[in-house]
Structures are given as structure tokens and as C-alpha cells.
Amino acid sequence: MQPPDIFDRTARRARRDRAVADYAAHDFLRSAMLEGIADRLDAVKRDFADVLDVGCFDGGFVPPPGTRVARLDAGFGFARAAGGVQGDEDRLPFADASFDLVVAAGTLDSVSDLPGALTLIRRTLRPDGLFLGAFVGGTSLSTLRAVLRDAEGDRPVARLHPQIDLRSAGDLLVRAGLTLPVADVETLTVRYGSFGRLLDDLRGMAAGNVLASRHALRRDVLARAAAAFAARAAPDGRTAERFDIVFLTGWSPSPDQPKPAKRGSASTSLAAALRPPGA
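This structure is a prediction, so every number in the text was calculated from the model and none was measured.

## Examining empty space enclosed by the protein
Counted by the stated rule, this structure contains one cavity of 30 Å³ or more. As a volume, the largest cavity reaches approximately 60 Å³. Taken together, F7, R9, R12, D88, E89, D90, S110, V111 and S112 make up the lining of the largest cavity. Looking at the lining of the largest cavity residue by residue, the class counts come to two nonpolar, two polar and five charged.

## Some thoughts on the sheet that holds strand β6 (residues 179–192)
The strand order β3-β2-β1-β4-β5-β7-β6 describes an open sheet built from seven strands, whose pairing is mixed. Among the strands making up the open sheet, the edge pair consists of β3 (85–86) and β6. The pairing of strand β2 (residues 68–73) with β3 spans two bridges and is classified as parallel. In the strand pairing of β3, L72 is matched with V85.

## A word on the pairing of β2
For a regular strand, side-chain orientation follows a simple rule: the groups alternate between the two sheet faces. In the sheet, strand β1 (residues 50–54) pairs with β2 via five bridges, with the strands oriented parallel. Note on β2: the bridge partner recorded for V51 is V69. At this point the chain moves from β2, through helix α3 (residues 76–81), to the parallel β3, and the crossover so formed is right-handed.

## Some thoughts on the nonpolar core
As a rule of thumb, nonpolar side chains are buried together in soluble globular proteins. Counting residues in each nonpolar core, the largest one holds 40 residues, and the members touching the most others are I37, L101, L130, L144, L198 and F243. Secondary-structure elements contributing two or more residues to this core are α2 (28–42), β4 (99–105), β5 (125–137), α5 (142–152), β6, α7 (195–204), α8 (219–231) and β7 (239–251). Looking at which element gives the most residues to this core, the answer is α2, with five residues. Once residues lying within four places of it in the same chain are set aside, the contact partners of L144 are L160, F195, L198, L199, L202 and E241.

## Things to note about the side chain of S140
Here S140 shows up in the loop between β5 and α5. Discounting chain neighbours no more than four positions away, the residues touching S140 are R145, Q163, R242, F243 and D244.

## Observations regarding helix α4 (residues 114–124)
Within the sequence span of α4, burial applies to L114, G116, A117, L118, I121 and T124. The N-cap of α4, judged by a side-chain oxygen 2.9 Å from the amide nitrogen of G116 a few residues on, is D113.

## Some points on the confidence of the model for the protein
Low pLDDT marks regions whose predicted coordinates should not be analysed in detail. Scored by pLDDT, the protein has a mean of 91; 91% of the residues are at 70 or more. The low-confidence segment residues 265–270 (pLDDT under 50) makes one contact with residues lying over four places distant or belonging to another chain.

## Here's the deal with unusual backbone geometry
Phi is positive for D128, which is not a glycine, with a value near 65°. If you trace the backbone, D128 turns up in strand β5. Despite not being glycine, A206 shows a phi value in the positive range, around 60°. In this fold, A206 is placed in the loop between α7 and α8.

Analysis parameters
Residues numbered from 1 in each chain as written. Predicted model: local features only at pLDDT ≥ 70, side-chain atom pairs only at ≥ 80, totals over all residues. Heavy atoms only, no water. 1 Å grid on protein atoms, 1.4 Å probe; cavity = no way out; pocket = protein on both sides within 12 Å on 5 of 7 lines; lining within 4 Å. Points joined across faces, edges and corners; volume = space filled by probe spheres on them. Nonpolar A, V, L, I, M, F, W, Y, C, P; charged D, E, K, R; others polar. Pairing = 2+ DSSP bridges. Helix = DSSP H or I, 4+ residues; strand = E, 2+ residues; numbered from the N terminus. Right-handed = clockwise from strand over helix to strand, strands pointing away. Core = buried A, V, L, I, M, F, W, Y, C linked by side-chain atoms within 4.5 Å. Buried < 20%, exposed > 50% of the residue type's maximum accessible area, 1.4 Å probe, protein only. Contact = heavy atoms within 4.5 Å. Polar contact = N/O pair within 3.5 Å; in protein donor to acceptor, adjacent residues only side chain to side chain. pLDDT = per-residue confidence, 0-100.

Rendered as C-alpha cells:
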């Protein structure tokens, strides 16, 4: 039986289409993700032929020179602008072993079946193919969560997406069958002059609430949240918000990959390794 969707697929597509026109004014988070992915890709000394950009937004990811790139986005507007196809990350329309590099920046945190999406990504990779991903997770938007909780009092409702922490991210890579998994996090702090500007950025980057169960935000709650946000401001009138960018690296299994040493195969004991020189 297919589990119910955590996120509303129709609303997710609509929010992405709404963000197309002004996305360039709000793309700082994905730009940071793409920069981190580029750094990690630069450290890989191998050639790639076929690349898949999953959740491509406006096509800002620049593939390695000489590669063929396919792009996919849940929103029709972004897919069309990037010359890609429309589709969901957990329903990839690509054949197995089609790519030797898959990049997914900025969308995996709002995929209903994330384990399934990562498994499909692994299946689209050729043996020893590389997956590089990035998404907002950890303790992101801690200020927004706090002011909304305070504004709603004793009966808060879910308004922000659940966040995936670093350990869970690594576990998801293993569960998907990716090898040599690495998950790490970089924190970006953005200082806002108003609560409205933060909300504008979230809408502009298509990061608004698309939970399957959503509740309208009343004006009185919004006003209290804005006041609480302003009350947290530094002397210069700006309030800090936190964004944790979780980066994922994993490889499609291949017989040629290095294997961890068997337990008990070490020729030197830990005690000897830790012993001071000359002892």
C-alpha cells in the first residue's frame, strides 16, 4: 500500500510555477547549495558523460564541460525555462543506468517519499556513478518556528516542513543503496529587517508551506508573529534567521570501489597507535 503523501503535489507544483518570474531575486540559498556542490565536484578526479539535474529550478547548475545534461523539475514553468521535463523526484521518468552524475539541489526536503526518491536516483546511476545533493534541513528556520509557536499560543499547528537532521540524512543514503556515503552541513545566517521580508524570500524561492494538511494563518496570529520577530532584532533592527544546508554525497555500487577493511584485519593495535613515541 502506498503511504499517504506528506506534501501536496499539486500545491508544490503551483508554488514553483508562481516563483518562476521573480526567482532570481530570492535564489541565494540554492546558489549557496550549487557552490557547495561545485566544490565537492571539483574534488572528484574523473570524467562524466551524462548528468541529471533533479529539481533544476531555472537551470542554474552548470554541468562539467563536455557533458550531456537532462533536467527535471516538479514545476512546469521551471522545467520549460531550463529545457527540461516536468516530474516528481520520487517518480523519476528515466531508465536505469542512464547517468553517471545526478545532482539534486534545493528540493529533496519537500519530497513525499524521500527514501524512494533516493533509491530511484541510485537506480538511474551507472555503476560507480556519483550523487551530489543539498537541501535545507537540521535546525533551519529556528526563529520563524519560535515566533509562530509563540504567536499561536497553546494550540499551534504545523506550518513548517519537518527537517531532516544530519544523521538521518546519512542513514537515508545507506537505505537507498548508495555507497561511500557522506553527509555534512553548512550553516548560513541571514539577517532580516522585517518578518515580511523573510516570508517574501520563502515564497520567492518556492519554499512556502506545501504540507498535505495546511491551515490558514489568521491575521492576528500573523501580527503577533511579526511583533515577536521584531522583538528579537539586534540593535540595528535586523533579526537573524538560520538556514542549515545539508549536503549529501553517495556513489552507485561498483565492484571497483574501495571496500572497508574486514574487522580484525589491522596489523597494529589501537593501543600501539596511541602510544607516545619512544614509549
